[in-house]
Amino acid sequence: MKTLEQSVPTPSDLPVYLKLAMVTMIWGGTFVAGRILSDALTPLLAASLRFLLASLALLLFLGLAGIPLARPNRKQGLQLAALGFFGIFFYNLCFFYGLQYINASRASLIVALNPAVIGLASWWLFKERLSRAKVAGIVLCIGGAGLVIVSRDPSLLQSAGQGWLGDLLIFGCVLGWGIYSLFSKNLNESLGPLQTVTWSILLGTLMLWLACAAAGEVRVEALRGLDIRQWLSLLYLGVLGSALAYIAWYDGIRRIGATRSGVFIALNPLTAVLFGALLLDERLTVLMGVGAGLILTGIFLCNKPLARSPQKTI
């Protein structure tokens with residue numbers, strides 16, 4: 001994951017930036033879709049259904065494209081199982097159960113630490129260079145995301161009771177996503193992003209359904225009560241928010257590295273706020289605009305001085 005630096009940006013990286021920005025816009029919309037589903041399904045069942053749809057969408061795409069599902073060797077299989085555990089199973093358990101103790105805004109503030117965790121881990125584990133511009137960009141992204149979230153819900157910094165447990169669980173999301181983002185390099189090179197994402201989601205989905213069955217939350221009657229808006233939200237979460245977005249995310253990591261891709265996560269709370277304003281009539285504030293400016297400046301600083309990674313296809 002080492003990167004080289006030069007004094008001018010590389011125009012050919014622009015499609016990668018646009019793809020990663022699109023991914024964060026999709027993920028921003030998942031907060032709205034999740035809210036629509038929250039009254040109808042339990043968190044574990046919702047996560048299991050989400051990734052079941054993602055698995056079916058990926059397998060359908062492979063079938064229509066005439067691409068056979070790869071047969072990983074034993075080492076690759078263990079690596080894929082680890083990605084499925086940390087990026088799908090562990091992440092979703094930490095996220096959904098963490099939200100039982102703290103609100104979504106406070107959780108978003110903790111998740112906004114992702115760029116820093118990914119950047120530091122890349123520097124420590126893979127010796128990826130952290131220039132001053134990149135460090136400044138990461139700091140601005142975190143600060144901007146924090147400003148957007150706090151201005152949306154000023155009370156989120158107050159925590160009582162077992163709030164510390166919710167914080168710990170949500171920080172587990174950060175660790176799980178960091179592992180999912182960082183430890184895919186060899187698989188991305190040997191299997192490609194499409195096969196890597198497909199296998200990790202298939203294995204993670206299996207783990208979720210086993211947990212769902214063990215908790216006694218597999219209830220068919222819950223599906224009968226879903227209206228058309230809730231079904232569309234579930235399809236959005238599964239097909240766009242999981243299958244397509246995960247492939248684009250992994251392809252971005254392979255092309256420009258985990259740290260440069262990771263800072264785009266700071267756009268997530270911003271797009272969630274914009275979708276909330278458009279679809280849920282939530283209020284926009286001047287502080288949110290300032291936070292948006294900080295996020296965009298941080299992304300620019302992290303990516304402007306860095307050279308292009310070798311171009312590869314899915």
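Treat the numbers as computed from the prediction; the structure is a model and nothing was measured.

A word on the overall build of the chain
In step 1: Helix and strand counts for the chain come out as 14 helices and zero strands.
In step 2: Looking at the 314 residues of the chain, the share that counts as buried comes to 50%.
In step 3: Put simply, 92% of the contacts in the chain that link residues at least 6 apart link residues at least 24 apart.
In step 4: If you sum the accessible surface of the chain, you get close to 14500 Å²; carbon and sulfur atoms cover 69% of it.

A short note on the packing of aromatic side chains
In step 1: Enumeration according to the criterion identifies 12 aromatic pairs in this entry.
In step 2: Residues F85 and F86 carry aromatic rings whose centres are separated by 5.1 Å and whose planes lie at 90° to one another, so their mutual orientation is edge-to-face.
In step 3: Residue classification places F85 among the partly exposed positions, given a relative accessible area of 31%.
In step 4: Within the aromatic cluster, the residues linked to one another by ring pairs are F51, Y91, W177, Y180, Y246, W249 and Y250.

Here we look at the nonpolar core
Soluble globular proteins: nonpolar side chains tend toward being buried together.
In step 1: Of all hydrophobic cores here, the largest spans 74 residues; its most connected members are W177, Y180, V197, I201, Y246, W249 and I295.
In step 2: In terms of residue count, the dominant contributor to this core is helix α11 (residues 228–256) (11 residues).
In step 3: Setting aside chain neighbours within four positions, we find W249 in contact with L20, V23, W27, W177, S181, S261, G262 and I265.

Examining a nonpolar patch on the surface
In step 1: On the surface, I228, W231, L232, L235, V239, L240 and L244 cluster together into a nonpolar patch covering about 620 Å² of accessible area.
In step 2: Of note, V239 is situated in helix α11.
In step 3: For V239, a relative accessible area of 30% gives the class partly exposed.

Considering the packing of helix α2 (residues 43–65) against helix α9 (residues 193–214)
In step 1: Packing of α2 against α9 leaves a shortest axis separation of 9 Å and a crossing angle of 145°. As α2 runs across α9, the sense of the crossing is left-handed.
In step 2: The residue makeup of the contact of α2 with α9, split by class, is 19 nonpolar, five polar and no charged.

Focus: the pattern of salt bridges
In step 1: According to the stated counting rule, one finds three salt bridges in the structure shown.
In step 2: Between D251 and K19 there is a salt bridge; the shortest N-O distance is 2.6 Å. Placement of D251 in helix α11 and of K19 in helix α1 (residues 14–37) is noted, with a sequence separation of 232 residues between them.
In step 3: Overall, the relative accessible area of 0% leaves D251 in the buried class.
In step 4: According to the relative accessible area criterion, K19 is partly exposed, its value standing at 26%.
In step 5: The salt bridge partner of D251 is R255, with a shortest N-O separation of 2.9 Å. Remark: R255 and D251 occur in helix α11; sequence separation between them is four residues, near one turn of the helix.
In step 6: Ionic contacts of the salt-bridge type, sharing partners, join the residues K19, D251, R254 and R255 into one network.

Thoughts on the packing of α2 against α11
In step 1: Closest axis-to-axis distance for the α2/α11 pair is 8 Å, and the angle between their directions is 55°. Considered as vectors, α2 and α11 are oriented oblique to each other. You can see that α2 and α11 cross each other, and the crossing is right-handed. Along the contact surface, α2 presents A46, L49, R50, F51, L53, A54, A57 and L58, while α11 presents L234, L235, L237, G238, V239, G241, S242, A243, Y246 and I247.
In step 2: For the contact of α2 with α11, the residue count by class is 14 nonpolar, three polar and one charged.

Notes on the side chain of T198
In step 1: The residue T198 is located in helix α9 in this model.
In step 2: Of the residues examined, T198 reaches a relative accessible area of 0% and is grouped as buried.

A closer look at helix α3 (residues 74–98)
In step 1: Between its first and last C-alpha atoms α3 spans 34 Å; for 25 residues at 1.5 Å apiece the expected length is 36 Å, and the two agree.
In step 2: The largest bend in α3 is about 35°, located at F85.
In step 3: Turning to α3, its buried residues are Q76, L80, L83, G84, G87, I88, F89, Y91, N92, C94, F95 and G98.
In step 4: Structurally, the start of α3 carries an N-cap: the backbone nitrogen of K75 is 3.2 Å from a side-chain oxygen of N73.

Some words on α2
In step 1: Helix length check: α2 (23 residues) gives 33 Å between terminal C-alpha atoms against 33 Å at 1.5 Å per residue, within 8%.
In step 2: Where α2 is concerned, the buried positions are L44, L45, A46, A47, S48, L49, R50, F51, A54, S55, L58 and L62.
In step 3: Of the residues flanking the end of α2, it is G66, one or two places downstream, whose phi is positive at about 70°.

Conventions we followed
- Residues numbered from 1 in each chain as written.
- Predicted model: local features only at pLDDT ≥ 70, side-chain atom pairs only at ≥ 80, totals over all residues.
- Heavy atoms only, no water.
- Helix = DSSP H or I, 4+ residues; strand = E, 2+ residues; numbered from the N terminus.
- Buried < 20%, exposed > 50% of the residue type's maximum accessible area, 1.4 Å probe, protein only.
- Contact = heavy atoms within 4.5 Å.
- Areas by Shrake-Rupley, 256 points an atom, 1.4 Å probe, with all protein chains shown as cover.
- Phe/Tyr/Trp six-rings, centres within 6.5 Å; stacked < 30°, edge-to-face > 60°.
- Core = buried A, V, L, I, M, F, W, Y, C linked by side-chain atoms within 4.5 Å.
- Patch = residues over 30% accessible without salt bridge, like charges linked within 9 Å, V, L, I, M, F, W, Y side chains within 5 Å.
- Salt bridge = Lys/Arg side-chain N within 4 Å of Asp/Glu carboxyl O.
- Axes fitted to C-alpha atoms, helices over the stretch in contact; angles between N-to-C directions.
- Left-handed = near helix turned anticlockwise from the far one by under 90°.
- Nonpolar A, V, L, I, M, F, W, Y, C, P; charged D, E, K, R; others polar.
- Parallel < 35°, antiparallel > 145°, perpendicular 65-115°, else oblique.
- Expected span 1.5 Å × (residues − 1).
- Bend = angle between axes of the 7 residues up to and from the residue.
- Polar contact = N/O pair within 3.5 Å; in protein donor to acceptor, adjacent residues only side chain to side chain.

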